[in-house]
Amino acid sequence: MTEHLSLTGVTHGYGDRQLFAAVDLTIGAGEHVAVVGENGAGKSTLLRILAGLEPPNEGTAASHGRIGYLAQTTGLPASFTVGNAIDEALASLRAVEAELDSLESGLADADEEQLERYGNLQTEYQLREGYAAESRVEAALDRLGLGGLDRQRTLGSLSGGEQHRVALACVLADPADILLLDEPTNHLDTSGTAWLEARLAAHRGTVVVVSHDRALLRKVAVSVIEVDAERCAVNRYGNGYEGYLREKAAERERWVQQYRGWLDAMAAERLQADTVAGKMGYARRRDGDKMGFDFKAGTWQQAASSKVRNAQERLRRLEANPVDRPPVPLKLAVDLQGGSDGAALDAPALEARGVEVHGRLERTDFRVEAGQKILITGPNGAGKSTLLSVLAGTLEPDAGTVVRHGRIGYLQQELEPPQRPGQRLLPAFVSGLGGNIDEHAEALLRLGLFRTTEFHVPVGSLSAGQQRRLALARLLLGGFGTMLVDEPTNHLAPVLVEQLEAALSEFGGTLIMVSHDRALGEWFSKCAAREGTGGSWLRYAMRDGALV
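The rules behind each value
Residues numbered from 1 in each chain as written. Predicted model: local features only at pLDDT ≥ 70, side-chain atom pairs only at ≥ 80, totals over all residues. Heavy atoms only, no water. Axes fitted to C-alpha atoms, helices over the stretch in contact; angles between N-to-C directions. Helix = DSSP H or I, 4+ residues; strand = E, 2+ residues; numbered from the N terminus. Left-handed = near helix turned anticlockwise from the far one by under 90°. Contact = heavy atoms within 4.5 Å. Nonpolar A, V, L, I, M, F, W, Y, C, P; charged D, E, K, R; others polar. Salt bridge = Lys/Arg side-chain N within 4 Å of Asp/Glu carboxyl O. Buried < 20%, exposed > 50% of the residue type's maximum accessible area, 1.4 Å probe, protein only. Phe/Tyr/Trp six-rings, centres within 6.5 Å; stacked < 30°, edge-to-face > 60°. Lys NZ or Arg CZ within 6 Å of the ring centre and 35° of its normal.

Asker: Sorry if this is basic, but what is going on with the packing of helix α3 (residues 91–104) against helix α4 (residues 112–127) here?
Answerer: For any two helices packed against each other, one specifies the crossing angle of their axes together with the interaxial distance. The interhelical angle for the contact between α3 and α4, taken along N-to-C directions, is 145°, at an axis separation of 10 Å. Classified by chirality, the crossing of α4 by α3 is left-handed. Between α3, through Leu-93, Val-96, Glu-97, Glu-99, Leu-100, Leu-103 and Glu-104, and α4, the contact on the second element is made entirely by Gln-114, Arg-117, Tyr-118, Leu-121, Gln-122, Glu-124 and Tyr-125. Among the residues forming the contact of α3 with α4, the class breakdown is seven nonpolar, two polar and five charged.

The structure is reproduced here in structure tokens:
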């Protein structure tokens, strides 16, 4: 049977939290599919179910073909050596080798069944290019930045990024019919990512990749599967990543039209009821026939009352089945007046003078003019987040000073656990903002990041994606003249990321971003090109704690 993956009536969750319900899904042989959605939606769980590593609560999952699976963490013991990890990855191939060797020794006396078995194994070994497996491992390690890695090194002695790259090299050393990869570009540099994209694009079997990397999705995915956390649904979109974005935009437009139709119907029924009710009791001229007049008036009154009741009933049904208001496009509220300190608009938004954090940030001078947009890139551990924390004032430098003007908003890369996990979402959102809570609730609803039903969810039970959306909402509506954002696309669904880019494009304040997101880097370059070379859009890189 041609290899493929299928889910039939799959419902799954943990405890009281349901991830998806009644999912029917088929992925055909040779398809290259991306799985998207915010963090915590259930993407990794869906991949484990497809891999057969986790049974669904309800329904069935089936696969036909050999599966290669890459998790976000290796799951191998820290005492395993690199060589052990490679041996485990190649175990099935080496089992074929061993059986071939065994059969070869007795070919002279082999019966028909043994000869057929030998032929089938030889064909399988050739198709899997078994003779080149070792060289493929070495080539993969080299292209992933681990060339010459000692195979006696234990996995525990490697960094998390190095362990991930070893696991990826092992999966690709003996490419399976079906590759299931969970965030494979994590911990890869630019050249490693480009190599992986080429490998996946050239893979003749099935590829299912969970990723937030929009550049990877554009180059690899023919179809997109979205895990919708709000609706506990899994939806499929064709025509690649761009087709997915177009269909999501079309869905939103249909939502807008449906909402407008609902409002129009409500208004029409209210008008009908008010108009008819207003005419009830209208005294028509008597024509001398009192009995006839009273009969006609009574008949008309009855008909009018019936019309009013019918209109009110239709109105009641419309109100009982409301259409949620579609969110407005994300927009950043901005305070360009310098905040309460009355700072002049021509003063620098931020100025760091000789700041230093021992072992993390070299002595740095950094001046950011009001209105500038700055992107800082660099490898993990280069000091980017440290610099942003110092600029934001959440980390005190060991030396140097930072001068800040105006109100500053800061979105951290890794959000801290909520101090009051039992606090409900809406009170957590309005905390410290002042003003009317109903107005804040209305503003939060307009963003479309949360629904009314989620306002009473304890913040301690929010997923990583929901926590990120809550922090983003406070940033968007905070009215900050300067914003510092560290990996702003982390944990967010792709459509929301596209909206965030559009909002940042129109932001009139000062913006400093740290990001590994290649698509965000491409967006930044386009914005810089559109704005010209006036110095308002600048890119920096960090290496070993220093800006370059």
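That shown, we press on.
Asker: Which parts of the structure should I look at to understand the pattern of salt bridges?
Answerer: If the charged atoms of two oppositely charged side chains come close together, the side chains can form a pair. Tallying each qualifying case throughout the model produces 27 salt bridges. The salt bridge involving Glu-99 is made with Arg-117; its shortest N-O contact spans 2.9 Å. Highlighted residues: Glu-99 in helix α3 and Arg-117 in helix α4, separated in sequence by 18 residues. By relative accessible area, which is 30% here, Glu-99 ends up partly exposed. Its relative accessible area of 38% is what places Arg-117 among the partly exposed residues. In this structure, the salt-bridge partner of Arg-367 is Glu-369, at a minimum N-O distance of 2.4 Å. With a relative accessible area of 41%, Arg-367 lands in the partly exposed category.

Asker: Can you walk me through the packing of aromatic side chains in this structure?
Answerer: Two measures describe an aromatic ring pair: the distance that separates the ring centres and the angle between the ring planes. Evaluated as defined, the whole model comprises seven aromatic pairs. Measuring from ring centre to ring centre gives 5.4 Å for Phe-366 and Tyr-540, while their planes differ by 90°; the resulting arrangement is edge-to-face. Of this pair, Phe-366 sits in strand β11 (residues 361–368) while Tyr-540 sits in strand β17 (residues 537–543), and the two are 174 residues apart along the sequence. Judged by relative accessible area, Phe-366 falls into the buried class, the value being 3%. Linked through ring pairs, Tyr-237, Tyr-241 and Tyr-244 together constitute an aromatic cluster. Taking the ring centre of Phe-450 as reference, the NZ or CZ of Arg-469 above it sits at 5.0 Å.

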